Amino acid sequence: MLLKLLELRFWWPYSLFTTEDYCHFTSEAPTLVRASATQDVDALLSHGPSSSDPQNSGPHMLKCPVISAEDMGNVASSACNAIAQAHSGTPTGHNTAIAAPQDRLTSSRAPQISSQARVPPVALIDFAHTNQVFFHGAQHFEVGNFVHAPNAAQVHIANESNQHNTVRIEFGRMGEIANYATQIPTRDFINAPNATQINVVHQGVLLDTLPKHPEMSSKLAEYLPDSRQPEVKELCGRESSGTDLVLCIHGPAGIGKTTLAGHLCDGFRSAGRLAASIFLGAVPTTTLGPEAIIKMAAREIGSNHSRAIPKVVEAINGCHGSSLETHLQKYIVEPLRSLQHPQPFIIIIDAMDEWPDHPLFLKSLASLNAQSDIVKFILTDRLNPRAFHLPGAENVAIDTFSLGPIRKEVIRAFFYKHLESVPWEDCRKATPADVEKLTELSEGLPVWAATVVALLSFRFCESPPHKILEEILGSRRQVGGSQGLEELYRKALARLFPNPEDRVWLRRFLGAIISLQEPLCVSDFETLTGIPSHLTKRIRFSLSAVQTRSPPPGSETMVHPAAAMFHLSLLEYIQATTTEACFSVSTFDSHSVLGLACIEQILSLPSSASLVPHLRAHQLYAVKYWQVHVSKGTPRLKAQWVETKHWQTLQKIPLETLRRWASLFAERVLRRNVDLTTSSQGQRDDILSLLGCLYHALEASGGDCWGFQVAGMEVAVRVDDGYDKAWMRLGRCYYARGERTSSLQMYEEAVAAFRRALDLRSGLHPHRASTLHDVAVALYSCYDQNGSIDLIKEAISLLREGLGLCPPPHPLRHVLLNNLAGTLQSLYQRDNDVAKLNEASSLHCEALALRPAPHPDRAGSLNNLAGTLQSLYQRDGDVAKLTEASSLHREALALCPAPHPDRAWSLSNLANALQSLYRRDGDVAKLTEASSLHRESLALRPAPHPDRALSLNNLANALQSLYQCNGDIAKLNKASSLHREALALCPAPHPHRASSLNNLANTLQSLYERDGNIAKLNEASSLHREALALYPAPHPHRASSLNNLASTLRSLYERDGDIAKLNEASSLHREGLALRPAPHPRRALSLTNLANTLESLYPHNGDVTKLTEASSLHREALALRPAPHPHRFLSLNNLANTLKSLYERDGDIAKLNEASSLHREALALRPAPHPNRASSLNNLGLTLRSLYERDGEVAKLNEASSLHREGLALCPAPHPNRAVSLNNLGRTLQSLYEHDGNISSLNKAESLCREALTLHPAPHADRHLSLNNLVTSLLTLYQHNGSVGLLDEAISLCHQTLALCPVPHPGRYESLKHLANALASQFAKDGSLDVLDEAISFGREALVFYQPGHIHRTGVVNDLARHLNRRREATGDDRHREEINDLEEELAGLRGKE
């Protein structure tokens, strides 16, 4: 059974914010009060955890290893003549083991041509730095292999002429060894007289035990000169200058990727830098895991660089059953490092997309990111791993190169050259127009062009070449991807095989070679397929016209698997469901034929063990592959299976013969003997017992043989449909494959197998509970892939049933409790049903009680329960839950001392809990400790640790919170640096890239708010736009990204006054709100964000409906945050500020009184030392001052002064909000002066405003506000003492403010008003009409902004009318009388409304 522990990790690696002025301070001018910043945040209160983040959306189900409690293009890679002659003068050749039987805490993310020639390690030519010299004149476009059948690329089969006579002669089969001479113990050599020499021999023997790449042809192919010179030049440049581990060359089928890969192989081999080359088209990847491919590369490394062999041998002796990452380190990196080459070695892997295990291999490469100075990989693939989100590629440092079509002039030259050699009849040659049409039709695909030439060059039918050409030219299709190739293949096959009978044999032949796993001689091929040898030879000869590679001379008697001979596009064509029936191939039928023939060969195995060494090749083939063919070529359904000849024949095989087969199979596949008498099969002694023994032996082999393992169990469930253990094993095979490849299909196969086992374990079966659990785990894995809520609901139902079958003290109860809780938490994230969260908490509590110290899983349960409590705190604000979570995380951390593998996670968990507590109570000691914990966690994740980006973001967020606390700009700069490093570790399409983009953008926005550098704000906007593009609808995190971008746009509007930005922000917030319908847990945030943007729009146009709508939105948000919700104080503050704005519009004193009450409640929720207490103090102070201005009650003004003084004391330098607090207190002191005439209050106000201005140096975004506040103080002082110096300074500061606020900056018009009044005062002093005219001009410009309906239009109208009247009085000039009358009439109307 699968005892998969779905542990939950609680950490906040990424935070998605919208932005919030966390301290809610306000700078004021005498007339226009700048409303307090009230924008909510699309995260928690500081740069901490975000529930909308992919990593922070609540508890995560963790994928853990499967545990058993019950069962304990071309392979033409030869170099061009130019390279070979220029540089050498000589042509160069060209399942993870099942984990421990108990659940455990695991790391979470929740939720891969041979040449035997020895090449010296130091090359004469430096390949990495010779991209302009080495490939000069290089010839890349292959021709000869198509023109001369059999084609040029050849597969060497060692000694194949004798391979059918004895098992002791090796013929290039994967994973097999010559003479079986590999089991000689090392100690036998060490004690020998010539130990050193013999040990070298022994090392070579051990090297030969590794899987061997089929040898590729050493025949040089003919290329057209310079066909790929620009591409090769760029690729070499990228390799030599870049630090990325992987360079992926991608392009469509037939574009020449394999040919280019072979060319690069030869170049790097000549330079002494080729470590290994794997051409996956020639490798049977369906039966080999990634470990085998890594070992195959290691064998090549040893063959190419003999000094690396000792390290390879160390890996052979020490890597059994280890992870892929360890395999890569031991088999690849350490052997290459031992060579001490000054440049990295190159491993080339061609046709990655043809390898089922490529996602797993790519994922494991992430562990080598920092070792690109030792080794680099060049991969070819049809798809761009970034653009197409190739699984496993997101954590790997990958550079991509798109290989485009061959240039037209090259294709044209190719046709001109080779059409000359076509045996045209009656001088009916191809014309230049024909060549042009062929060039266009090819669309630069070399495989198409070469196939055309091959069809024209060989007379396979009665039609003359010109007739074939006419038919090709008559095509209305260009290649256009695959369609043109399909049409060409159809026409080619139709001409090559015109008779219906020939096509029947063609289909049988193609099906057989597609299903064939290893090469066979023609006679053996006939034995297994029933295709007569003479027909096989004839078909092979005809098909050479469409071959892209062929065996070397002397191997004509061999039949090779189709992938080793034909281009993948041809094989896809003949297997497509849309292909004409006469050419369509059923691989199921082909496997069926081969499977039956193989079973018959097993039946005929010799009875004497002494005859086994003389088995023929087809018998050995049957021993190895009969299970594979039967599993792929027979129905699983019992009623259909029992009718097959396969079953009928299998029943005839004596048990002793089956034992002999099993022993032979173990020797050939596992290269060791297997004890077939000891098993866990009870009293059974039949084929199922043997299949079970082999299953366990394959399972223990280290993951190389998954294909054989699953094939064996597929046969087992056919043999006995009612054998529950076989179904469980089959499910485990598929589940393990799903875990390795993230394949939904594999998980679905696992579900199907487990379901069948569950059906067989009904009622009180002792293993029913564990089987229920396993089905649930597989269902959850499917849910993880496709998000179907029905799957997770079914998983919960099954886990509940399983839990009911495991009352205390059942040993599985704690596992079922844990996983049921985790599944419920995942469902809570979907439906927001708090009952599920409460139940999860109870289940985790019970699981924890069943895991007392020193239970190995206690730390996991502690973290899981703590995470659930944190989610509950986010829901209801009960700080006791958060405090308990912190204590649980501390206990979990104590259980993970260094160097415990989970210590980094526990450090992060505790740190984030402390940050949440800090945001609740303001205790900076908690924030400081959190920062230290994050630093330690980061130190445990050095590059290239796959989770380093998480720790970088965590630490950066903690530093940002510290900056918000104390204003230390060094912390904010460090946070920005860490976020940039994290972003670099998340290249597209990394799943966390969007989160990293948002984090960096928010830090840049904070930096902009500190220094006013508009470049930072513009970069933040660009980053948010890129993040939003990564979250298309209906992505669950799109709403957060919409809010983030909108907030940045709002800041840009405040800088430049571009109303289009504010309108776009409003639209984005509306879209974000629509994505969070009730009862979405973050709806309150979106309500607040939209409301705040509407409030920003209101002063621009005076549309009171926007203010009214904002008030309604804030009330709804407040209702969603009842006490003791941790964010209630935000909604109280926001609603209060909106009511204050409404009061300023309509004078309704009830609104101002309500605002005062709301601010008092918010202040009570922010007791010292809450980090946002200063904000509430200032906001309440502003409201009280407005009340004083309404009723003249000086007690309110005095209280406001006291509140502002307390707020200022909480913002010591260099607190980022000190300037705002200084301005607020200064403005209140001015009001006190106006009340009692105490000049000391006014002098103190001036001093405070001057200090605030020094804290807003240019180009700080808020400098204009501090300038305006100081101007207000100076003008008031001037009115008191008449000092002309004060007036001149005020006028100078006004001009500075205007320079900082060009049209249409929203702060410009406040400055215009101040300057107009200052100039009017100067006119009163010196009587200069020019000065008064200038004042009138500025007043008129201000009035243009303060359109009718604007809340501050009354004051501007009054000022302008006063200035115009002064001019009329001074000059007697009545020309402005009409304008004055209009202004006075409007003023009367405005005052009447008030």
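One numbering rule holds for all chains: residues counted from 1, following each sequence as written. Local features in this predicted model are restricted to residues whose pLDDT is 70 or higher, and side-chain atom pairs enter the listing and the counts only when it is 80 or higher, whereas totals over whole chains, interfaces and linings include all residues. To obtain the side-chain values, all non-hydrogen atoms of the structure were included, while hydrogens and water were left out.

(A) Quick look at the overall build of the protein. By the criteria applied, helices consist of DSSP H or I runs no shorter than four residues and strands consist of E runs no shorter than two, each listed in order from the N terminus. Summing up its helical and strand segments, the protein has 56 helices and 11 strands in all. Remark: exposure states derive from per-residue accessible area (1.4 Å probe, protein chains only) relative to the maximum for the residue type, with buried under 20%, exposed over 50%, and partly exposed in between. Within the span of the protein, comprising 1394 residues, buried residues form 61% of the whole. Surface exposure here means Shrake-Rupley accessible area, sampled with a 1.4 Å probe, where a residue is shielded only by the protein chains that are shown. For the protein, the exposed area adds up to about 49100 Å²; of that, 54% sits on carbon and sulfur atoms.

(B) Highlighting the nonpolar core. Here, nonpolar core means buried Ala, Val, Leu, Ile, Met, Phe, Trp, Tyr and Cys residues that are tied together by side-chain atoms lying within 4.5 Å of each other. With 170 residues, the main nonpolar core has Phe415, Trp448, Leu543, Trp626 and Trp661 as its most contacted residues. Per-element accounting of this core gives the leading share, 10 residues, to helix α29 (residues 768-786). The next biggest cluster of nonpolar side chains, apart from the first, holds 51 residues, and it includes Val283, Leu288, Ile294 and Val312.

(C) Here's a closer look at the sheet that holds strand β6 (residues 274-279). Should DSSP find at least two bridges between two strands, the strands are regarded as paired. Taken together, 5 strands build an open sheet; the order of strands is β6-β7-β8-β5-β9 and the sheet is parallel. The open sheet terminates on both sides in strands that have one partner only, identified here as β6 and β9 (398-402). Across the sheet, the mean angle separating the axes of adjacent strands is 15 degrees when strand polarity is ignored. The pairing of strand β7 (residues 345-350) with strand β8 (residues 375-381) spans 5 bridges and is classified as parallel. Paired with Ile347 across the bridge in β8 is Phe377. The sheet strands contacting helix α6 (residues 257-270) are β5 (246-250), β6, β7 and β8, and the helix crosses β6 at an angle near 160 degrees. Between the N-to-C directions of two axes lies an angle of 0 to 180 degrees, each axis being a line fitted to C-alpha atoms and, for a helix, fitted only over the stretch in contact. The criterion used for residue contact is that any of the two residues' heavy atoms lie within 4.5 Å.

(D) Main features of the packing of aromatic side chains. For this analysis, a ring pair means two rings from Phe, Tyr or Trp (six-membered ring only for Trp) whose centres lie within 6.5 Å, classed as stacked if their planes differ by under 30 degrees, edge-to-face if by over 60, and tilted for the remaining angles. Scanning the entire structure with this criterion turns up 13 aromatic pairs. Ring centres of Phe509 and Phe525 lie 5.8 Å apart, and the angle between their planes is 70 degrees; this geometry places the pair in the edge-to-face category. Separated by 16 residues along the polypeptide, Phe509 in helix α16 (residues 500-515) and Phe525 in helix α17 (residues 522-529) bring together distant segments of the chain. There is no split in this pair, since Phe509 and Phe525 are both buried. Judged by centre distance (5.8 Å) and plane angle (40 degrees), the ring pair of Trp661 and Phe665 falls under tilted. Here Phe665 and Trp661 lie together in helix α24 (residues 655-670), a separation of 4 residues that amounts to about one turn. Phe665 carries the same exposure label as Trp661, and that label is buried. Members of the aromatic cluster, connected to one another through ring pairs, are Tyr621, Tyr625, Trp626, Trp661, Phe665 and Phe708. Two conditions define a charge sitting above a ring: the NZ of Lys or the CZ of Arg must be within 6 Å of the ring centre, and it must be within 35 degrees of the ring normal. Across the ring face of Trp706, the terminal group of Arg737 is positioned such that the distance to the ring centre comes to 4.1 Å. One residue, Arg941, lies across the ring of Trp905, its end atom 4.2 Å from the ring centre.

(E) Region of the structure containing helix α9 (residues 324-337). An ideal rise of 1.5 Å per residue puts 20 Å on 14 residues; α9 measures up with 18 Å between its terminal C-alpha atoms. The term bend refers to the angle at a residue between two fitted axes, each drawn through seven residues, those ending there and those starting there. The largest bend along α9 measures about 25 degrees and falls at Lys330. Within α9, the full set of buried residues consists of Leu324, His327, Leu328, Tyr331, Ile332, Val333, Glu334, Pro335 and Leu336. The span expected for a helix works out to 1.5 Å for each residue beyond the first.

(F) Molecular detail of unusual backbone geometry. Backbone torsion omega between Pro808 and Pro809 reads 5 degrees, so that peptide bond is classified as cis. Here Pro809 is to be found in the loop between α30 (789-804) and α31 (813-831). Ala898 connects to Pro899 through a cis peptide bond whose omega is 5 degrees. By the secondary structure assignment, Pro899 is in the loop between α34 (879-894) and α35 (903-921). At Gln340, a position not held by glycine, the phi torsion is positive, near 55 degrees. The topology assignment puts Gln340 in the loop between α9 and β7. Residue Gln340 is classed as exposed on the basis of its relative accessible area of 71%. Its identity as a non-glycine residue notwithstanding, Ala351 has a phi of 65 degrees, on the positive side. Its location among the elements puts Ala351 in the loop between β7 and α10 (358-365).

(G) Expanded view of the pairing of β5. The element β5 is largely enclosed, with a buried count of 5 among its 5 residues. The side-chain alternation of β5 yields two buried faces, one formed by Val246, Cys248 and His250 and the other by Leu247 and Ile249. Summarising the sheet, β5 and β8 pair through 5 bridges and their orientation is parallel. The partner of Val246 across the bridge, within β8, is Phe377. Pairing analysis gives 5 bridges linking β5 to β9, with the strands arranged parallel. Residue Val246 lies in a different strand from β9, and its bridge partner there is Ile398.

(H) Highlighting the environment of Gly595. Relative to the elements of secondary structure, Gly595 occurs in helix α20 (residues 587-603). When the C-alpha positions of Gly595 and Val630 are compared, they lie 4.7 Å apart, and in sequence the two are 35 residues distant. Dropping the residues within four chain positions of it, Gly595 is found in contact with His629, Val630 and His646.

(I) Inspection of the packing of helix α13 (residues 446-457) against helix α14 (residues 465-473) at higher detail. Relative to each other, α13 and α14 sit at 150 degrees, their axes nearing to 9 Å. As judged from the angle between their axes, α13 and α14 are roughly antiparallel. Each of Trp448, Val452, Leu455 and Leu456 in α13 lies in contact with α14, whose residues at this interface are Pro465, Ile468, Leu469 and Ile472. The classification used treats Ala, Val, Leu, Ile, Met, Phe, Trp, Tyr, Cys and Pro as nonpolar, Asp, Glu, Lys and Arg as charged, and all other residues, Gly among them, as polar. Of the residues contributing to the contact of α13 with α14, the split by class is 8 nonpolar, no polar and no charged. Note on angle classes: values under 35 degrees are labelled roughly parallel, values over 145 roughly antiparallel, values of 65 to 115 roughly perpendicular, and the remainder oblique.

(J) Layout of the pattern of salt bridges. We define a salt bridge as a contact between a side-chain nitrogen of Lys or Arg and a carboxyl oxygen of Asp or Glu at a distance within 4 Å. Per the stated rule, a full pass over the model turns up 72 salt bridges. Notably, a salt bridge pairs Glu334 with Lys330, separated by 3.2 Å at the nearest N-O pair. In this pair, Glu334 and Lys330 both sit in helix α9, 4 residues apart, roughly one turn of the helix. Given a relative accessible area of 33%, Lys330 falls into the partly exposed group. Here Arg1362 and Asp1359 are joined by a salt bridge, their closest N and O atoms 2.9 Å apart. With Arg1362 and Asp1359 both in helix α55 (residues 1353-1371), this residue pair falls 3 residues apart, about one helical turn. Note on Asp1359: relative accessible area 15%, which makes it buried. Each of Arg636, Glu714, Arg718 and Glu749 takes part in salt bridges that share partners, so that together they form one network.

(K) Examining helix α38 (residues 969-984) more closely. Look at α38: 23 Å from first C-alpha to last across 16 residues, which is about the 22 Å you get at 1.5 Å a residue. Taken residue by residue, α38 has Leu972, Ala975, Ser976, Leu978, His979, Ala982 and Leu983 as its buried positions. On an axial view of α38, the arc spanned by its buried residues comes to 165 degrees, and they lie on one face. On its buried side, α38 packs onto α37 (948-966) and α39 (993-1011). Here the arc refers to the directions that run from the helix axis out to each C-beta atom.

(L) Looking closely at the environment of Asn1002. With respect to the secondary-structure elements, Asn1002 resides in helix α39. A sequence separation of 18 residues divides Asn1002 from Ala1020, and the C-alpha atoms of the two residues are 6.8 Å apart.

(M) Quick look at the packing of α38 against α39. At a minimum axis distance of 9 Å, the contact between α38 and α39 shows a crossing angle of 155 degrees. Considering their axes alone, α38 and α39 lie roughly antiparallel with respect to each other. Relative to α39, α38 is oriented so that their crossing is left-handed. Here α38 contributes Ile969, Leu972, Asn973, Ala975, Ser976, His979, Arg980, Ala982 and Leu983 to the contact with α39, which in turn contributes Arg993, Ser996, Leu997, Asn999, Leu1000, Thr1003, Leu1004, Ser1006, Leu1007 and Arg1010. Tallied by class, residues from the contact of α38 with α39 come to 9 nonpolar, 7 polar and 3 charged. For any helix crossing, the convention is left-handed if the near helix is rotated counterclockwise from the far helix by under a right angle, and right-handed if that rotation is clockwise.

(N) Region of the structure containing the confidence of the model for the protein. Chain-level pLDDT for the protein is 80 on average; 80% of the residues reach the 70-or-more range. Confidence of the predictor in every single residue is expressed as pLDDT, which spans 0 to 100. The model gives residues 1-198 a pLDDT under 50, and that stretch makes 755 contacts with residues more than four places away or in other chains. Predicted confidence is poor over residues 218-223, with pLDDT under 50, and the contacts of this stretch with residues over four places away or in other chains come to 27 contacts.

(O) Layout of the environment of Ser826. The residue Ser826 is located in helix α31 in this model. When the C-alpha atoms of Ser826 and Tyr780 are compared, they prove to be 9.8 Å apart, with 46 residues separating the residues in sequence.

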